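Letter by letter, the chains look like this.
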Amino acid sequence: QKGNHLFCQKLICLRGGLPVQIESIFERRRFVFLDGAMGTQLQKRGLKVGQKPELAALEMPEVLASIHAEYVTAGADLLLANTFGANARKLAGTGYSVAQVVEASLACARKAAEESGALVGLDIGPLGELLAPAGTLPFEDAYDAFAEIVGAGVQAGADFIFLETMTDLYELKAAILAAKEHSQL
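Residues numbered from 1 in each chain as written. Predicted model: local features only at pLDDT ≥ 70, side-chain atom pairs only at ≥ 80, totals over all residues. Heavy atoms only, no water.

J.: Before we move on, could you go through the nonpolar core and cite the residues and values that matter?
T.: L42, L79, I124 and F146 are the most contacted members of the largest nonpolar core, which has 48 residues in total. Those elements that place two or more of their residues in this core are helix 4 (56–59), helix 5 (61–73), helix 7 (98–113), strand 4 (119–124), helix 8 (139–156) and helix 9 (169–182). (Core = buried A, V, L, I, M, F, W, Y, C linked by side-chain atoms within 4.5 Å. Buried < 20%, exposed > 50% of the residue type's maximum accessible area, 1.4 Å probe, protein only. Helix = DSSP H or I, 4+ residues; strand = E, 2+ residues; numbered from the N terminus.)

Below, the structure written as structure tokens:
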């Protein structure tokens, strides 16, 4: 616990253009709670097989907002926007841009977080393609994809960036570099 607390003291968010230390959440509570699963909740509420969960904020915003609201009611201090797979590769052919999906997803989470003071994070997952040399995706292309996501998240007002579920450390490196070089989050 102490090690995590020390790490979190160094994380800084921007809320309304002003820096906010995540440590302030630890001052309110001994434990900090992150929201829960999103994909399974969307499936339970009507997401069909083959439908992209990344598009929930545009295709079923009331459902998405209600899921976030339930996590807030359950005590979540941190909400992750439904942006896990919001990258150009996964959105290809949908007619939506990364910026549109990220903005709509952050807005749904922000609406649920308003009264509670929960912070809203840009959730970034893997791109869905292996990086070279194990795969064919060049590091630079991965970096550019993550930079696009981060830029959209910053523009849409994310409080923090949450990188998750990456098994390729080279891909994680590309995501971290993009976050560091394209945001102050």
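J.: Hey, could you go over the pairing of strand 4 for me, with residue numbers and the actual values?
T.: Along strand 4, six of the six residues are buried, which leaves the element largely enclosed by surrounding structure. Every second residue of strand 4 is oriented toward a common face, with L119, G121 and D123 on one face and V120, L122 and I124 on the other, all of them buried. Here three bridges tie strand 3 (residues 78–80) to strand 4, and the two strands are oriented parallel to one another. Directly across from L78, in strand 4, lies its bridge partner L119. Taken together, strand 4, helix 8 and strand 5 (residues 160–163) form a β-α-β motif whose crossover is right-handed. (Pairing = 2+ DSSP bridges. Right-handed = clockwise from strand over helix to strand, strands pointing away.)

J.: Quick rundown of unusual backbone geometry? Include the residues and the values.
T.: Note: most residues except glycine have negative phi, and most peptide bonds are trans. In this structure, P133 follows A132 across a cis peptide bond, with omega equal to 10°. Note on placement: P133 falls in the loop between strand 4 and helix 8. Positioned with a positive phi, T165 is a non-glycine residue whose angle comes to about 60°. As for its placement among the helices and strands, T165 is situated in the loop between strand 5 and helix 9.

J.: Any chance you could break down the sheet that holds strand 5 for me, citing the residues and the numbers?
T.: Taken together, the three strands give an open sheet; going across it, the order is 3-4-5, and neighbouring strands pair in parallel fashion. The open sheet has two edge strands with one neighbour each: strand 3 and strand 5. Across the sheet, the mean angle from the axis of one strand to that of its neighbour is 35°, orientation sign disregarded. Strands strand 3 and strand 4 of the sheet are contacted by helix 7, whose axis makes an angle of about 150° with strand 4. (Axes fitted to C-alpha atoms, helices over the stretch in contact; angles between N-to-C directions. Contact = heavy atoms within 4.5 Å.)

J.: Any details on the packing of helix 7 against helix 8? Residues and values, ideally.
T.: One way to put it is that helix 7 packs onto helix 8 with a least axis distance of 9 Å and a crossing angle of 45°. When the axes of helix 7 and helix 8 are compared, the pair comes out oblique. As for how helix 7 packs across helix 8, the hand of that crossing is right-handed. Across the interface between the two elements, V98, A99, V102, E103 and L106 from helix 7 touch E148, I149, A152, G153 and A156 from helix 8. For the contact of helix 7 with helix 8, a count of residues per class yields seven nonpolar, one polar and two charged. (Parallel < 35°, antiparallel > 145°, perpendicular 65-115°, else oblique. Left-handed = near helix turned anticlockwise from the far one by under 90°. Nonpolar A, V, L, I, M, F, W, Y, C, P; charged D, E, K, R; others polar.)

J.: Can you lay out the pairing of strand 5 for me, pointing to particular residues and giving the numbers?
T.: Judged from the four bridges that link them, strand 4 and strand 5 form a sheet pairing that is parallel. Looking at strand 5, one finds that L122 is bridged to I161.

J.: So what's going on with the confidence of the model for the chain? Residues and values would help.
T.: When pLDDT drops low, the exact placement of atoms in the prediction is not to be read closely. For the chain, the mean per-residue pLDDT works out to 88, and 86% of the residues sit at or above 70. Note that pLDDT drops below 50 for residues 1–12; the model gives that stretch 16 contacts with residues more than four away or on any other chain. This model gives residues 14–18 a pLDDT under 50, and the stretch forms 12 contacts once residues within four places in sequence are excluded. (pLDDT = per-residue confidence, 0-100.)

J.: Kindly report on helix 8, identifying the contributing residues and their values.
T.: Across its 18 residues, helix 8 extends 26 Å between first and last C-alpha, which sits within 8% of the 26 Å expected from 1.5 Å per residue. For helix 8, the secondary structure elements touched by its buried residues are helix 7, strand 4, strand 5 and helix 9. Residue G157 follows helix 8 closely and has a positive phi angle near 90°. (Expected span 1.5 Å × (residues − 1).)

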